[in-house]
Amino acid sequence: QVQLVEAGGGSVQAGGSLRLSCAASGYTYRSNCMGWFRQAPGKAREGVAKISTGGGATYYADSVKGRFTISQDNAKNTVYLQMNSLKPEDTAMYYCAATGRLCVGAYQMSGADFTYWGQGTQVTVSS
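Cut-offs applied
Residues numbered from 1 in each chain as written. Predicted model: local features only at pLDDT ≥ 70, side-chain atom pairs only at ≥ 80, totals over all residues. Heavy atoms only, no water. 1 Å grid on protein atoms, 1.4 Å probe; cavity = no way out; pocket = protein on both sides within 12 Å on 5 of 7 lines; lining within 4 Å. Points joined across faces, edges and corners; volume = space filled by probe spheres on them. Disulfide = S-S within 2.5 Å. Helix = DSSP H or I, 4+ residues; strand = E, 2+ residues; numbered from the N terminus. Buried < 20%, exposed > 50% of the residue type's maximum accessible area, 1.4 Å probe, protein only. Salt bridge = Lys/Arg side-chain N within 4 Å of Asp/Glu carboxyl O.

Draft legend 1. Structural detail: empty space enclosed by the protein. Taken as a whole and judged by the stated rule, the model has 1 cavity of 30 Å³ or more. As a volume, the largest cavity reaches approximately 30 Å³.

This is how it looks when you write it as structure tokens:
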């Protein structure tokens with residue numbers, strides 16, 4: 001099966017930065033769409049960002065636009081989420097997700113579109 005492993009979470013002060021990584025592995029694997037979701041306690045899962053690994057097109061939630069950047073390293077089957085100007089409301093468990101299909105929905109992001117999920121990495125932002 002495809003395995004996704006996240007790394008890079010931690011605890012930072014507001015205004016700080018973190019870089020999350022998600023490494024995908026598996027036999028006969030190619031991920032055409034990879035992204036990040038997050039879920040805070042008591043809140044619904046939220047799509048944060050996604051990227052078309054072939055074309056490079058990206059999507060960002062309005063809440064993170066201008067602060068977060070998703071990028072890829074196809075040679076490593078890895079995506080990154082650079083998070084700058086972090087706010088306490090960014091505190092959540094962040095999950096990597098991937099699918100062998102193309103990214104769908106240029107203006108939205110649904111967990112139902114993704115097949116593979118990582119176990120998550122915690123991001124905590126304090127004042």
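Draft legend 2. Structural view of the state of the cysteines. This model, assessed by the stated rule, comprises 2 disulfides. Here C33 engages in a disulfide with C103; their sulfurs sit 2.0 Å apart. Across the disulfide from C33 to C103, rotation about the S-S bond amounts to roughly 95 degrees, and the bridge is consequently right-handed. Placement of the pair is C33 in strand β4 (residues 33-39) and C103 in the loop between β9 (92-99) and β10 (116-117), with a sequence separation of 70 residues. Under the relative-accessibility criterion, C33 is labelled buried at 2%.

Draft legend 3. Fine view of the pattern of salt bridges. Applying the stated criterion across every chain, the model contains 4 salt bridges. For R38, the salt bridge goes to D90, with nearest N and O atoms at 2.9 Å. With R38 in strand β4 and D90 in the loop between β8 (78-83) and β9, this pair connects stretches of sequence that are 52 residues apart. Measuring nitrogen to oxygen at the nearest pair gives 3.3 Å for the salt bridge that ties K65 to D62. Look at D62 and you get exposed, because its relative accessible area is 67%. One network of salt bridges, in which partners are shared, links R38, E46, R67 and D90.

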